[in-house]
Amino acid sequence: MKKILIVLLLCLVLAGCQKTELMESNTESSGVDPSIFKCPDCNVILITIDSLRVDHVGTYGYKYNTTPNLDKWAENSLVFENAYSPAPHTIPAFQAIMTGKPVSNDNRDEIIAFYEKTTFLGKLMQEKGYLTAAITDHGGLGGESPNGSFSATPIKGFEIFKSYAPESSSRKLTEESINWLRSNKNEKFFLWVHYFGPHYPYIAVPEYAHMFGFSNNSCGRIYNGMGNNEMNAIRASLTAQELNCIISLYDARIYNADKNVGLLLDEIKNLNLTNNSMIIIFADHGDEFNEKGRLFHGDSVYNSLLHVPLIVRNPYQALPSRIDGNIATQNFFDIISNIDSENIEFENEIFSRKYPFYRTDKYYDFSGDFVGKYSIISGDYKFVYEPGYNVEELFNIKKDPAEANNIYFSPERSKLKEKLVAWIKDKKAESSKPSENAIKEQKETEERMKSLGYLN
Ligand SMILES: [Zn+2]
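Below is a summary of the structure that appears in this document. (Residues numbered from 1 in each chain as written. Predicted model: local features only at pLDDT ≥ 70, side-chain atom pairs only at ≥ 80, totals over all residues. Heavy atoms only, no water.)

## With respect to helix H9 (residues 240-270)
Relative to the 45 Å expected for 31 residues at 1.5 Å per residue, H9 spans 44 Å between its end C-alpha atoms, a close match to the ideal helical length. Counting buried residues in H9 gives 23 out of 31 residues, a clear majority hidden from the surface. At the C-terminal side of H9, asparagine 272 shows a positive phi close to 60 degrees. (Helix = DSSP H or I, 4+ residues; strand = E, 2+ residues; numbered from the N terminus. Expected span 1.5 Å × (residues − 1). Buried < 20%, exposed > 50% of the residue type's maximum accessible area, 1.4 Å probe, protein only.)

See below:
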């Protein structure tokens, strides 16, 4: 940051600086100062919104007014420009955030056995004396038991867990979260509210459906409520107009999620919880709109999926600020579990990976492809590695945020590949078998995911 300021000052003096000169490339990891998250005696309110792309949020520059409430909230918050998810889909992303342990191999049984032995964030906070609750309308994060119905569910460890079926308005989730806060505002608590939000299928509530360009008359084959499988079936032949119609329905769903988050934030203010709570808002991942030949999420490690909005309100950080350094949402395991401590620490380099979770096949993903897609972000660079397809790509994501220009021959590639391969080896889940109970829980979860339309 200092370097950029100096260049800016020089530019003012010389009055002729080109934009490219401002965008000096940084080969070293540029991170965030962990001390900005220090918050002694604070409650923690974590609000996550599923599938919300960073570039569809107003405060990050989106052209439409999709998020008026988040934008207003961001005016008095820490807004992180470069936050990244550890995974391109919900359960692996939250597993990493709720355990601090992103295992990277493709053997489902080993992963389940590994997480069975892990202490989840909810449990850790319980042990520190917090009342813990998780409320969601995702529907696939676990059953109605205190520990979820899934040995590796991110919900595991929360004392109170409420799960509602997804509904397009999300009102039930908001009402329940508000009621919970009213009843427990005097406790020391950790509350996680997860909105299904703009997650597919893009069924927009009728009053918002037309706000961002969708129209029954001009959207060709696209209609409000069309399933994601149906959209995927015509993906390759979508016209530009049809693709815009899909995006406009997605935007309408974002608008609804923002409305709900706004109601929740208003109540947090009314209850004076902003004075003694750290309030963290981020998305688990984004969605793809055919930029790399895919729709929706789960099957790549490109930034349409990994780059996410992150907005934090910390009562100990008085001034609003835009923060440039790279940060992984996975770091919130360390941040939340050490919120009282002088020594919050985390890595500046960001590792992400996708792997199959729901299928019974050990080594194949949803589409039957050989799995293993990984990335590392360090400084301005990102290396994408898909060993099953011989894909190795290097991008300067500050100069090329669309990841359109593979600078494969740049010397940074071998350095980042070496670090990423070492990370993959280091994070391999130990080879062990899950317990009978874990297998039973996993089967129940797979049935749940099927009922939600995730699995065939
Ligand atoms: Zn998700």
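## What about the environment of serine 277?
Looking at the element boundaries, serine 277 is found in strand E6 (residues 277-283). Sequence spacing of serine 277 and cysteine 42 is 235 residues, and the spatial spacing of their C-alpha atoms is 4.7 Å. Discounting residues that sit within four places of it in the chain, serine 277 has contacts with Cys42, Asn43, Ile45, Arg313 and Pro315. Only 2.7 Å separates the side chain of serine 277 from the backbone oxygen of leucine 273, close enough to count as a polar contact. Among the polar contacts made by the side chain of serine 277, one reaches the side chain of asparagine 276 at a distance of 3.2 Å. (Contact = heavy atoms within 4.5 Å. Polar contact = N/O pair within 3.5 Å; in protein donor to acceptor, adjacent residues only side chain to side chain.)

## Quick word on the coordination of the zinc ion
The expected angle between donors at a tetrahedral four-coordinate metal is 109.5 degrees. At an octahedral six-coordinate metal it is 90 or 180 degrees. Taken together, Asp50 (OD), Asp50 (OD), Thr90 (OG1), Asp284 (OD) and His285 (NE2) make up the full set of protein donors to the zinc ion, lying 2.0 to 2.7 Å away. On the primary sequence, the residues serving as donors to the zinc ion are separated as D-x39-T-x193-D-H. Taken together, the residues span a long stretch of sequence, with threonine 90 in helix H4 (residues 90-99) and histidine 285 in the loop between E6 and strand E7 (288-289) at a distance of 195 residues. A single burial state applies to threonine 90 and to histidine 285, both of which are buried. (Donors = N, O, S within 2.8 Å, 3.2 Å for Na, K, Ca; no water.)

## Brief notes about the sheet that holds strand E12 (residues 373-378)
Read across the open sheet, the four strands follow the order E11-E12-E13-E14; overall the sheet is antiparallel. What marks the edges here is a single partner per strand, and that holds for strand E11 (350-354) and strand E14 (391-396). Adjacent strand axes in the sheet meet at a mean angle of 15 degrees when their direction is disregarded. With five bridges connecting them, E12 and strand E13 (residues 381-386) associate as antiparallel partners. What sits directly across from tyrosine 374, in E13, is tyrosine 385. (Pairing = 2+ DSSP bridges. Axes fitted to C-alpha atoms, helices over the stretch in contact; angles between N-to-C directions.)

## A short note on the side chain of arginine 413
For arginine 413, the position within the fold is in helix H12 (residues 412-426). The class of arginine 413 is buried, set by a relative accessible area of 19%. Apart from residues no more than four positions distant in its own chain, arginine 413 is found in contact with Phe383, Glu392, Leu394 and Tyr408.

## Examining the packing of aromatic side chains
Tallied over the entire structure, the rule returns 23 aromatic pairs. Between phenylalanine 37 and phenylalanine 332, the aromatic rings sit 5.5 Å apart at their centres with planes inclined by 80 degrees, giving edge-to-face as the arrangement. Taken together, the residues span a long stretch of sequence, with phenylalanine 37 in the loop between helix H2 (19-22) and strand E1 (43-49) and phenylalanine 332 in helix H11 (residues 332-337) at a distance of 295 residues. Judged by centre distance (6.0 Å) and plane angle (55 degrees), the rings of phenylalanine 212 and tyrosine 255 are tilted. Residue phenylalanine 212 is located in the loop between strand E5 (189-195) and helix H8 (228-233), and its partner tyrosine 255 is located in helix H9; the two are separated by 43 residues in the primary sequence. Note on accessibility: phenylalanine 212 and tyrosine 255 belong to one class, buried. In this structure an aromatic cluster arises from ring pairing among Phe37, Phe80, Phe282, Phe332 and Phe346. One cation-aromatic arrangement involves arginine 313 over tryptophan 73; the distance from NZ or CZ to the ring centre is 3.6 Å. (Phe/Tyr/Trp six-rings, centres within 6.5 Å; stacked < 30°, edge-to-face > 60°. Lys NZ or Arg CZ within 6 Å of the ring centre and 35° of its normal.)

## What to know about the nonpolar core
Counting residues in each nonpolar core, the largest one holds 106 residues, and the members touching the most others are Phe37, Ile47, Phe80, Leu181, Ile222 and Ile280. When near neighbours in sequence (up to four residues on either side) are disregarded, leucine 181 contacts Ile45, Phe189, Leu191, Leu264, Ile268, Leu271 and Leu273. (Core = buried A, V, L, I, M, F, W, Y, C linked by side-chain atoms within 4.5 Å.)

## Let's talk about the side chain of glutamate 393
Take glutamate 393: it is sitting in strand E14. Of the side chains with opposite charge, lysine 292 comes closest to the buried, unpaired glutamate 393, at an N-O distance of 5.1 Å. Only 2.6 Å separates the side chain of glutamate 393 from the side chain of tyrosine 302, close enough to count as a polar contact. (Lys, Arg positive; Asp, Glu negative; His and termini not counted. Salt bridge = Lys/Arg side-chain N within 4 Å of Asp/Glu carboxyl O.)

## Overview of the sheet that holds strand E4 (residues 160-163)
If you walk across this open sheet you meet the eight strands as E4-E3-E5-E1-E6-E9-E2-E10, and the pairing is mixed. Lying at the two open borders of the sheet, with one neighbouring strand each, are E4 and strand E10 (321-328). Ignoring which end each strand starts from, the neighbouring axes of this sheet average 15 degrees apart. Across six bridges, the pairing between E1 and E5 is parallel.

## What to know about unusual backbone geometry
As a rule of thumb, non-glycine residues mostly have phi less than zero, and peptide bonds are mostly trans rather than cis. Looking along the chain, the bond that leaves tyrosine 200 and enters proline 201 is cis, with omega of 0 degrees. Topologically, proline 201 is positioned in the loop between E5 and H8. Here the phi dihedral of serine 170 falls at roughly 60 degrees; this positive angle occurs in a residue that is not glycine. Looking at the secondary structure, you find serine 170 in the loop between E4 and helix H7 (171-184).

## Examining the state of the cysteines
Enumeration over the complete set of coordinates arrives at two disulfides. With a sulfur-sulfur separation of 2.0 Å, cysteine 39 is cross-linked through a disulfide to cysteine 42. Because the sign of the S-S torsion sets the handedness, a value of about -65 degrees for the bond joining cysteine 39 and cysteine 42 places this disulfide among the left-handed ones. Each member of the pair, cysteine 39 as well as cysteine 42, is classed as buried. Paired through a disulfide, cysteine 219 and cysteine 245 show a sulfur-sulfur distance of 2.0 Å. Taking the torsion about the sulfur-sulfur bond, which here is approximately -85 degrees, the covalent link between cysteine 219 and cysteine 245 counts as left-handed. (Disulfide = S-S within 2.5 Å.)

The analysis is restricted to geometry; functional conclusions fall outside its scope.
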